[in-house]
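Remarks on the overall topology
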Amino acid sequence: MRHIPLERDILQALNAVRIIDTHEHLDTEEEFCSSHVDLGRLFVHYANSDLVSAGCPPQDIERLLTDTTLGPRAKWRLIAPYWDYIRDTGYGRCLEIAIRDLYDIDGLCEQNAERLSECMAAARYPGYYREVFDRAGIGVALWNRLERYGPIPRMWTPTYDRSLFVQDILTPFLELRDPQWSEGWGRPILCLDDYLGAIEERFAAHAGQASAIKFGVAYSRPLRFEDRARAEIEPLFNRLLNAGWERNGAMPTMQELRAIQDYLVHFCLQQCARYDLVAKFHTGLQEGNGNTITNSRAALLANLFARYPTVRFDIYHISYPYHDELAALAKNFANVAIDFCWMWIISPAAGRRALSDYLDAVPVNKIHGFGGDFIFIEGTYGHAVMAKENIARVLADKVADGEMTCDRAIQVGTWLLRDNAINWFGLRDKVPAEVLGA
Ligand SMILES: [Zn+2]
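This structure is a prediction, so every number in the text was calculated from the model and none was measured.

1. Focus: the overall build of the chain
- Counting its regular elements, the chain contains 19 helices and 8 strands.
- Here the chain has a C-alpha radius of gyration of 22 Å; the compact-globule value for 438 residues is 22 Å, and the two agree.
- In terms of principal-axis extent, the alpha carbons of the chain reach across some 65 × 55 × 40 Å.
- Burial status across the chain gives 58% buried among its 438 residues.
- Element-wise, carbon and sulfur atoms account for 50% of the exposed surface of the chain, whose accessible area totals about 17,400 Å².

What follows is the structure, given as structure tokens:
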């Protein structure tokens, strides 16, 4: 049963919280302002995957995103037959909330296609990110800069807007099949020590400012990282390096690649211990279609949690649909936190059930309540609204059940949206006080 007045009171209090958004992929504002935009932009990720899942041909999505000869109405007609099937999923609802609040447009449909595209284009100006963050209640976002507009220096973007973002250190160096894997380091990579040294230099230069290091390898392999001996990896790495694997087709086997990745992930976690840097792992659902879900269950990481007790881990996307396992992991390990980033649009109902269970089982300081996880700003806004509404709904249930007072519920909600992230990521030392807020 819903407890509407209680939900409203709690939501009102949460709307005043200056949120720490634990995960965004937004373009820089410069890129955002200079790129052509129409409604297709809303389908660059997430909702497009639901459309494909509903039966929409992937080539129609491709035209929606890239065909500049099509006007907004023609683009809309490509996806219209499938939109009706996905408009009630978390992805669909998020988009309709965003265009309702930001552009005063009631629902995605052919009649609104042109006006929506015009509104989106008119909103491309410097300062719009800050406006939307303020409307969403977001103080600052931990930023996983995508390399779609690359090349950017390996692992780190040297300049970015610190009034909006705290940047993650990235892990492109795990993608050893990238033909350019050894370039961009500012020095030749001639042996394993060169490679480790280059990675180490980035930690030394940037870990003090970074929010975390982000590992996204669950898209391409299982999250079990064996503890490999250097004596195993060094000859393998050097042999493959000498064969010029990126040039002459002498590609390493999957097994060899994974062994090297194992070693590099452990090496990075040792750097995290040295520089007191949080390690974020993508776990659970992968974006897109046709992924291997069993690769990404958080329980596969348990050897790392035990092996590196001084490294704090942030487990993304609550490992959905393995979120029950994550409760057990976060309950067991002092160094494991749960992160709801992306989750409130993956499934609001599963998110609510999970949060209710976590509040019963896991110390509340280890739950991060919101990360937008969007490439486009409209999605960030819609997701923030959904996160607050659903957190308020879970907390209202706890109050109605007599498990906590309303004041306590508001305190817990504030921790979920703000204080926990400040503490876990050590943001007081990394974010200007005026950006972080009181
Ligand atoms: Zn992400």
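2. Details of helix H6 (residues 90–103)
- Helix length check: H6, at 14 residues, gives a terminal C-alpha distance of 20 Å against a target of 20 Å (1.5 Å per residue), a fit within 8%.
- In terms of burial, H6 is a largely internal element, 11 of the 14 residues being buried.
- Among all positions of H6, only Gly90, Tyr91, Gly92, Cys94, Leu95, Glu96, Ile97, Ala98, Ile99, Leu102 and Tyr103 are buried.

3. Observations regarding the packing of aromatic side chains
- Counted under the stated rule, the structure contains 27 aromatic pairs.
- Ring centres of Phe215 and Phe281 lie 4.6 Å apart, and the angle between their planes is 15 degrees; this geometry places the pair in the stacked category. Linking Phe215 in strand S4 (residues 212–215) with Phe281 in strand S5 (residues 278–281), this pair joins segments that are 66 residues apart in sequence. In this pair, the class of Phe215 matches that of Phe281, namely buried.
- A centroid spacing of 4.9 Å and a plane angle of 10 degrees characterise the contact between Phe340 and Trp344, whose relative ring orientation is stacked.
- Classification of Trp344 by relative accessible area gives buried; the value is 0%.
- Of the aromatic side chains, those joined through ring pairs into one cluster are Phe32, Tyr125, Tyr128, Tyr129, Phe133, Trp143, Trp156, Tyr160 and Phe165.
- When the ring centre of Tyr160 is taken as origin, the NZ or CZ atom of Arg162, which lies over that ring, is 4.4 Å away.

4. Quick word on the sheet that holds strand S6 (residues 313–315)
- Taken together, 5 strands build an open sheet; the order of strands is S4-S5-S6-S7-S8 and the sheet is parallel. The open sheet is flanked by S4 and strand S8 (367–368), the only strands paired with a single partner.
- As defined by bridge partners, S4 adjoins S5 across 4 bridges and the pair is classed as parallel. The residue bridging Phe215 from the neighbouring strand is Phe281, located in S5.

5. Focus on empty space enclosed by the protein
- Scanning the entire structure with this criterion turns up 1 cavity of 30 Å³ or more.
- Approximately 30 Å³ is the volume attributed to the largest cavity.
- In terms of residue class, the lining of the largest cavity is made up of 5 nonpolar, no polar and 4 charged.

6. Points about the pattern of salt bridges
- Within the structure shown, the criterion is met by 29 salt bridges.
- A salt bridge links Asp67 to Arg63, with the nearest nitrogen and oxygen atoms 3.3 Å apart.
- Note on Asp67: relative accessible area 17%, which makes it buried.
- Across the pair Arg228 and Asp262 runs a salt bridge, and its minimum N-O distance is 3.0 Å.

7. Here's the deal with the nonpolar core
- Judged by nonpolar contacts, the single largest core of 138 residues is most densely connected at Phe43 and Phe281.
- For this core, the element with the most residues is helix H17 (residues 377–400), which contributes 12 residues.
- Formed jointly, this core draws a minimum of three residues from each of two domains, domain 1 (38–122) and domain 2 (136–436).
- The contact partners of Phe281, leaving out residues within four places of it in the chain, are Phe215, Leu223, Phe225, Val265, Leu301, Leu304, Phe313, Asp314, Ile315 and Tyr316.
- In this structure, Ile20, Ala212, Ala337 and Leu436 belong to the second largest nonpolar core, which totals 15 residues.

8. Remarks on the sheet that holds strand S3 (residues 165–167)
- In space, the 3 strands of this open sheet follow the order S1-S2-S3, with parallel pairing throughout. Looking at strand neighbours, the two that pair on one side only are strand S1 (19–24) and S3, the edges of this open sheet. Taking the axes of each pair of neighbouring strands and ignoring which way they run, one obtains an average angle of 25 degrees across the sheet.
- Pairing analysis gives 4 bridges linking S1 to strand S2 (residues 138–143), with the strands arranged parallel. Each residue of the ladder has a partner; that of Asp21, found in S2, is Ala141.
- Where helix H8 (residues 128–136) meets the sheet, its contacts fall on S1, S2 and S3, and the angle it forms with S2 comes to roughly 115 degrees.

What counts, and at which threshold
Residues numbered from 1 in each chain as written. Predicted model: local features only at pLDDT ≥ 70, side-chain atom pairs only at ≥ 80, totals over all residues. Heavy atoms only, no water. Helix = DSSP H or I, 4+ residues; strand = E, 2+ residues; numbered from the N terminus. Rg over C-alpha atoms; globule rule 2.2 N^0.38 Å. Buried < 20%, exposed > 50% of the residue type's maximum accessible area, 1.4 Å probe, protein only. Areas by Shrake-Rupley, 256 points an atom, 1.4 Å probe, with all protein chains shown as cover. Expected span 1.5 Å × (residues − 1). Phe/Tyr/Trp six-rings, centres within 6.5 Å; stacked < 30°, edge-to-face > 60°. Lys NZ or Arg CZ within 6 Å of the ring centre and 35° of its normal. Pairing = 2+ DSSP bridges. 1 Å grid on protein atoms, 1.4 Å probe; cavity = no way out; pocket = protein on both sides within 12 Å on 5 of 7 lines; lining within 4 Å. Points joined across faces, edges and corners; volume = space filled by probe spheres on them. Nonpolar A, V, L, I, M, F, W, Y, C, P; charged D, E, K, R; others polar. Salt bridge = Lys/Arg side-chain N within 4 Å of Asp/Glu carboxyl O. Core = buried A, V, L, I, M, F, W, Y, C linked by side-chain atoms within 4.5 Å. Domains from an automatic or database assignment. Contact = heavy atoms within 4.5 Å. Axes fitted to C-alpha atoms, helices over the stretch in contact; angles between N-to-C directions.

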